[in-house]
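Each chain, letter by letter, is given below.
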Amino acid sequence: MNCLMRRSQNLLLWRNSCVKHRSTDAASANRNAAGKLSYEEFIGHQQKQAQRSIIVQVSSEKSYPELYNYCSRFGSILGAHHYCVRQDEALHYVLLEYSTSGEAAAAIDSGVSNGDLCGVPVRSPFLWFRAPPAGSKRSPNLAPSGTLPALNAIDGGRVMESSQLLALVRGAQSIDEQVLLLHKHTRLNDLGIRLRFLAALQVQQAISGMFPTAQAQPFGSSVNGFGKMGCDLDLILRFNDDTGSQKGLAVSEPSRLVFHTKENLSNGRSQTQRHMECFGDMLHLFLPGVCHVRRILQARVPIIKYHHEHLDLEVDLSMSNLTGFYMSELLYMFGEVDPRVRPLTFSIRRWAQSCGLTNPSPGRWISNFSLTCLVMFFLQQLRQPILPTIGALAKAAEPGDSRVTEDGINCTFARDMDRLGFRSRNQSSLSELLLQFFEFYSQFDFHNRAISLNEGRALSKPDHSAMYIVNPLEQLLNVSKNVSMEECERLRIEVRNAAWVLESEVENVALPVSEGERQEHSWGLLNLFKHPEKPLIRPNMFFKPRMVEVSDLFEQKELTPSPSTPQ
Ligand code: GTP
Ligand code: MG
């Protein structure tokens, strides 16, 4: 009985948590009948918000009232967010959101070059607030007290301190609540999303004069709902729009005047590499905040990597990875279908990181993306599935859903999940699903079977790759081709260990313990995040398991100093 009550409380908890999340992230945007934003609506909403925003470096948050007064001359300020980068000597920034993009543009256009510093002035949403010239008066106090929008600092863009997070998760009442708390406190928050869309807008605006149709579009974990605080920004620079973002608009007669273009002089790939080289130089030489630019042009998908010092953000810019953009849409849709999907995936990604199965740099180990595919597949193949198959989505597509990339890859699937009429009857709690996930992959025959999210079932493996996940959008490719035999074996061992640990944790939670005991010791989910002193299973290991403590998992990056000294 107690168990049943706890389960229904937990169900309520994750439902509430999800409603809260949606309402804060995109409060003012339009929603469909089910109250959810489609991916394109979400992207469009965030892009518009970025166009209405500027980021101003200040000496501290104390400058906010003066900044507000000064910047109010350009328009009406809807909201303000304060964040810092660098821990030792914090650099302070305020993101101001105006009510229209014209007002933000007026503020940017009022920007002047700083005669004291060298460097070519560049128009961008990144500004700094300098002291008024000597002898001149400070801005008059335009805002009557009380009308100044609160400076939103709770929403800071930083990863939460590990000790604080640990205490929060320890203090939960159940493993389900721990999963929810971990998700709530580590997912990319509203400010994190805003900052990433501003990074995209900066690139787009910088080149808009010469490339009026260029779009810098965020994808990956920054927008698919599976991103955690501090995640990198994947950005695709596109020159033709086939995302359908304008498809719903009434189109007037197409213009008869067409831009002349430069004839392509070489094949597509080397042309892209040349272009990227050129954009890489431009970012490196001119764009404020952009530093440590690296060109990785020989990769399957050539990218330019850089660090943004005003945002404390790593960016991967590509020009030819449109399937990644649509794959992000699929993941976004899966995350929206059921409120258990994202918290569950967060716990699994955190567990994989803690036992060294995943690593921020690419290699012979499973990537976060492949791991997410494993979670999605697990949720599809349940007796009572929680997710539909991608095949079902493709079947339900209507003409408006048609998307074909520039290189001819068909990414057509129903964008409105409701059209499928898919309703899950699965009532499992998060801890039950977590345990089932580990048990499922303990048994999975990676040796002979391939994972197909298109069909929601395992298929015969078409080659000898250690792990085979059919690429949902290019079904002849294997998403996890990089995974070595050793790493696949390690995954199998780790899921078995995790199943074992979690099973005993679930039993322990049923025993009565005092509040103090819970607070003092790692329990439940937290015990998945470190290796036990003695590994529970000792199969033929050809690797040494990495010992990772929970507190190792929440690192913060350091930045190089900025030359400017803002007001
Ligand atoms: P983190 O960066 O680790 O937080 O996760 P991520 O989901 O952003 O992964 P990553 O940066 O590696 O890739 C960005 C996006 O590209 C993913 O979310 C996918 O949408 C897409 N992607 C990555 N690898 C593949 C692949 O092999 N095939 C396809 N179709 N898409 C991919
Ligand atoms: Mg990424």
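Our subject is the structure that appears above.
Remember, it's a predicted structure, so these values are computed and weren't measured experimentally. (Residues numbered from 1 in each chain as written. Chains lettered and ligands numbered in written order. Predicted model: local features only at pLDDT ≥ 70, side-chain atom pairs only at ≥ 80, totals over all residues. Heavy atoms only, no water.)

Participant: A description of the pattern of salt bridges should follow, citing residues and the corresponding values.
Facilitator: Scanning the entire structure with this criterion turns up 17 salt bridges. Of the charged contacts in the structure, one is a salt bridge between Arg123 and Asp109, with a shortest N-O distance of 2.7 Å. You can see Arg123 sitting in the loop between helix 4 (101-109) and strand 4 (126-128) and its partner Asp109 sitting in helix 4, a full 14 residues away along the chain. What makes Asp109 exposed here is its relative accessible area of 52%. With a closest N to O distance of 3.4 Å, Glu487 and Arg490 form a salt bridge. With Glu487 and Arg490 both in helix 14 (residues 485-509) and three residues apart, the pair spans about one turn of that helix. Judged by its relative accessible area of 8%, Arg490 falls in the buried class. Taken together, the shared-partner salt bridges in this structure form one network comprising Arg52, Glu97, Asp190 and Arg194. (Salt bridge = Lys/Arg side-chain N within 4 Å of Asp/Glu carboxyl O. Helix = DSSP H or I, 4+ residues; strand = E, 2+ residues; numbered from the N terminus. Buried < 20%, exposed > 50% of the residue type's maximum accessible area, 1.4 Å probe, protein only.)

Participant: Tell me about helix 3 (residues 64-71), and name the residues and values.
Facilitator: Most of helix 3 is tucked away, with six of its eight residues classed as buried. For helix 3, the set of buried residues is Tyr64, Glu66, Leu67, Tyr68, Asn69 and Cys71. Among the structural elements, strand 1 (53-58), strand 2 (77-85), strand 3 (91-98) and strand 5 (151-152) are those in contact with the buried residues of helix 3. (Contact = heavy atoms within 4.5 Å.)

Participant: Could you give an account of the site of ligand 1, naming the residues involved and the relevant values?
Facilitator: Near ligand 1 lie 14 residues; those nearest to it are Ser221, Asp232, Asp234, Gly324 and Asn368. The contact in question runs from an oxygen atom of ligand 1 to an N or O atom on the side chain of Arg349, over 3.2 Å. A distance of 3.2 Å separates a nitrogen atom of ligand 1 from a polar atom in the side chain of Asn471. For ligand 1, whose unbound accessible area comes to 610 Å², protein coverage reaches 79%. Those elements that provide at least two residues to the shell around ligand 1 are helix 9 (322-337) and helix 11 (368-381). When residues in the shell around ligand 1 are grouped by element, the largest group, four residues, is from helix 9. Residues belonging to the shell around ligand 1 are distributed by class as follows: three nonpolar, eight polar and three charged. (Near = heavy atom within 4 Å. Polar contact = N/O pair within 3.5 Å; in protein donor to acceptor, adjacent residues only side chain to side chain. Areas by Shrake-Rupley, 256 points an atom, 1.4 Å probe, with all protein chains shown as cover. Nonpolar A, V, L, I, M, F, W, Y, C, P; charged D, E, K, R; others polar.)

Participant: Let's hear about the packing of helix 6 (residues 175-186) against helix 10 (residues 341-354): which residues, and what values?
Facilitator: The N-to-C vectors of helix 6 and helix 10 enclose an angle of 85°; their axes lie 9 Å apart at closest approach. Judged by the angle between their axes, helix 6 and helix 10 are roughly perpendicular. Along its contact with helix 6, which presents Val179, Leu180, Leu182, His183 and Thr186, the element helix 10 presents Arg342, Pro343, Leu344, Phe346, Ser347 and Arg350. Residues of the contact of helix 6 with helix 10, tallied by class, amount to six nonpolar, three polar and two charged. (Axes fitted to C-alpha atoms, helices over the stretch in contact; angles between N-to-C directions. Parallel < 35°, antiparallel > 145°, perpendicular 65-115°, else oblique.)

Participant: Tell me about the sheet that holds strand 4, and name the residues and values.
Facilitator: The strand order across the open sheet built from five strands is 4-1-3-2-5, with neighbouring strands paired in mixed fashion. Each edge of the open sheet carries a strand with a single partner, namely strand 4 and strand 5. Of the strand pairs in this sheet, strand 1 and strand 4 are connected by three bridges, and their pairing is parallel. Within the sheet, the bridge partner assigned to Gln57 lies in strand 4 and is Trp128. Its contacts with the sheet place helix 4 against strand 1, strand 3 and strand 4, and it is angled at close to 40° to strand 1. Contacts from helix 7 (residues 190-207) reach strand 1, strand 2, strand 3 and strand 4, with the element oriented near 90° to strand 2. (Pairing = 2+ DSSP bridges.)

Participant: Go over the sheet that holds strand 8 (residues 290-296), please, and point to the residues and values.
Facilitator: With mixed pairing, the five strands of this open sheet are ordered in space as 6-7-10-9-8. In the strand order of this sheet, the two ends are held by strand 6 (215-219) and strand 8, each with one partner. Shown here is a sheet whose adjacent strand axes are inclined to one another by a mean of 25°, direction ignored. Sheet analysis places strand 9 (residues 303-308) next to strand 10 (residues 313-318), joined by six bridges and oriented antiparallel. Residue pairing across strands places Ile303 opposite Ser318, the latter belonging to strand 10. Those strands touched by helix 9 are strand 6 and strand 7 (233-238), and its axis lies near 50° from that of strand 6.

Participant: Break down the nonpolar core for me, with residues and values.
Facilitator: Core analysis: the largest hydrophobic core is formed by 126 residues, its most contacted members being Trp351, Phe438, Tyr441 and Leu528. The greatest single-element share of this core, amounting to ten residues, is contributed by helix 7. Aside from chain neighbours lying at most four places away, what touches Trp351 is Leu357, Phe438, Glu494, Val495, Ala498, Leu528 and Phe529. Listed in part, the 17 residues of the second largest apolar core include Leu67, Phe74, Tyr98 and Ala107. (Core = buried A, V, L, I, M, F, W, Y, C linked by side-chain atoms within 4.5 Å.)

Participant: If you had to explain the state of the cysteines to someone new, which residues and values would you point to?
Facilitator: For the structure on display, the rule yields zero disulfides. The thiol of Cys488 is not disulfide-bonded; the next cysteine sulfur, from Cys355, is found 14 Å away. (Disulfide = S-S within 2.5 Å.)

Participant: Provide a residue-level description of the environment of Ile77, including the pertinent values.
Facilitator: One can find Ile77 in strand 2. With a relative accessible area of 7%, Ile77 lands in the buried category. In contact with Ile77, other than residues within four places in its own chain, are Tyr68, Cys71, Ser72, Leu96, Glu97, Tyr98 and Pro149.

Participant: Could you give an account of the side chain of Thr405, naming the residues involved and the relevant values?
Facilitator: Take Thr405: it is sitting in the loop between helix 12 (390-395) and helix 13 (430-443). Of note is the side chain of Thr405, whose polar atom sits 2.6 Å from the side chain of Asp407.

Participant: Report on the packing of helix 6 against helix 13, specifying residues and quantitative values.
Facilitator: Two quantities define a packed helix pair, namely the angle between the axes and the distance from one axis to the other. Running from amino to carboxyl end, helix 6 crosses helix 13 at an angle of 85°, the nearest separation of the two axes being 7 Å. Classified by the angle between their axes, helix 6 and helix 13 sit roughly perpendicular to one another. Residues Ile175, Asp176, Val179 and Leu180 of helix 6 form the contact with helix 13, whose own contacting residues are Leu430, Ser431 and Leu434. Taken together, the residues of the contact of helix 6 with helix 13 sort by class into five nonpolar, one polar and one charged.

Participant: Before we move on, can you summarise the pairing of strand 10 with the specific residues and values?
Facilitator: Counted residue by residue, strand 10 has five buried out of six residues, so it is predominantly covered. Pairing geometry for strand 7 and strand 10, over four bridges, is parallel. From the neighbouring strand, Asp234 faces strand 10, where its bridge partner is Asp316.

Participant: How would you sum up the pairing of strand 7? Please name residues and give values.
Facilitator: The two faces of a sheet get side chains in turn, since along a regular strand they alternate between them. Burial runs high along strand 7: six of the six residues are buried. Covered by surrounding structure in strand 7 are Leu233, Leu235 and Leu237 together with Asp234, Ile236 and Arg238, the residues of both alternating faces. Relative to strand 7, strand 6 is paired through five bridges, and the arrangement is antiparallel. Within the sheet, the bridge partner assigned to Gln215 lies in strand 7 and is Arg238.

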